[in-house]
Amino acid sequence: PGSPAAALPAPAATAPVAPAEERAATDSGYMLQAGAFRSSDDADGMRARLALLGFEARVVAAEVGGQPMYRVRIGPFAQQEEANRARARLIDGGIEASVVRQR
């Protein structure tokens, strides 16, 4: 039995560690980061804005300087060119995003 939050498909921020298959999918390639927020509500708001533009994003929880941070990411993209095309679509939609190389 898990917590009630674990049964819900969203938000991803409630799960501090991604499932093994999700981690494997993001171990290489490129991601787009559409923001980093101190509030999970703000991150979920950005995720909703991205959904309206046709992007499926997820919120990744992290700790930065001892403070929680919620990163909104799209991807992975196998090639940097794919990430750049998606980034251009985001810019056209009024959202700045950074390309992040996964190791």
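Model, not experiment: these values are computed from the prediction.

## Focus: the packing of aromatic side chains
Remark: the centre distance and the inter-plane angle together describe each pair of aromatic rings, the angle taken between the planes.
At step 1: Per the stated rule, a full pass over the model turns up zero aromatic pairs.
At step 2: Here R101 stacks its cationic end above the ring of Y30, 4.8 Å away from the centre of that ring.

## Section: the nonpolar core
At step 1: With 19 residues, the main nonpolar core has L32, M46, L50, V72, I74, F77 and L90 as its most contacted residues.
At step 2: The set of elements that each furnish at least two residues to this core consists of β1 (29–37), α3 (40–52), β2 (57–64), β3 (67–77) and α4 (80–92).
At step 3: Among all residues touching L32, those that are not within four sequence positions of it are V72, R73, I74, F77, A83, A86, R87, L90, A97, S98 and V99.

## Remarks on the sheet that holds β3
At step 1: Ordered in space as β2-β3-β1-β4, the four strands form an open sheet in which the pairing is antiparallel. Each end of this open sheet is capped by a strand with a single partner; those strands are β2 and β4 (98–102). When the angles between neighbouring strand axes are averaged without regard to direction, this sheet yields 40°.
At step 2: Note that β1 and β3 share six bridges and pair antiparallel. Paired with Q33 across the strands is R73, a residue of β3.
At step 3: The sheet strands contacting α3 are β1, β2 and β3, and the helix crosses β3 at an angle near 20°.
At step 4: Sheet strands in contact with α4 are β1, β3 and β4, and its direction is about 35° off that of β1.

## Considerations on the confidence of the model for the protein chain
At step 1: On average, residues of the protein chain score 81 in pLDDT, and 74% of them reach the 70 mark or higher.
At step 2: The model gives residues 1–26 a pLDDT under 50, and that stretch makes 20 contacts with residues more than four places away or in other chains.

## Remarks on α4
At step 1: Over its 13 residues, α4 extends 18 Å from the first C-alpha to the last, a length consistent with the 18 Å expected when each residue adds 1.5 Å.
At step 2: Of all the positions in α4, only A83, A86 and L90 are classed as buried. Viewed along the axis of α4, the buried residues span an arc of 65°, placing them on a single side of the element. Across from the buried face of α4, at angles greater than 90 degrees, the exposed residues are E81 and D92.

About the thresholds
Throughout, residues of each chain are indexed from 1 in the direction in which the sequence is written. The model is predicted, so local features are restricted to residues of pLDDT at least 70 and side-chain atom pairs to those at 80 or more, both for listing and for counting; the totals for chains, interfaces and linings are taken over all residues. Side-chain metrics rest on all non-hydrogen atoms present in the structure, leaving aside hydrogens and water. In this analysis, rings of Phe, Tyr and Trp, with Trp reduced to its six-membered ring, are considered paired at centre separations within 6.5 Å, and the interplanar angle assigns stacked below 30 degrees, edge-to-face beyond 60, and tilted for intermediate values. Over a ring means this: the NZ of a Lys or the CZ of an Arg is within 6 Å of the ring centre and within 35 degrees of the ring normal. Side-chain atoms within 4.5 Å are what join buried Ala, Val, Leu, Ile, Met, Phe, Trp, Tyr and Cys residues into a set we call a nonpolar core. Here the term buried applies to any residue with accessible area under 20% of the maximum for its type, exposed to any over 50%, and partly exposed to those in between, with areas from a 1.4 Å probe on protein chains only. Every helix listed is a DSSP run of H or I at least four residues long, and every strand listed is a run of E at least two residues long, numbered separately from the N terminus. Contacts were defined at the residue level, with two residues in contact if any of their heavy atoms lie within 4.5 Å. By this definition, two strands are paired if DSSP reports at least two bridges between them. For helices, the fitted line uses only the C-alpha atoms of the stretch in contact; every axis is such a line through C-alpha atoms, and the angle between N-to-C directions lies from 0 to 180 degrees. For every residue, the predictor states its confidence as a pLDDT score lying anywhere from 0 to 100. One fewer than the residue count of a helix, multiplied by 1.5 Å, yields its expected span. Throughout, the arc means that of the directions going from the helix axis to the C-beta atoms.

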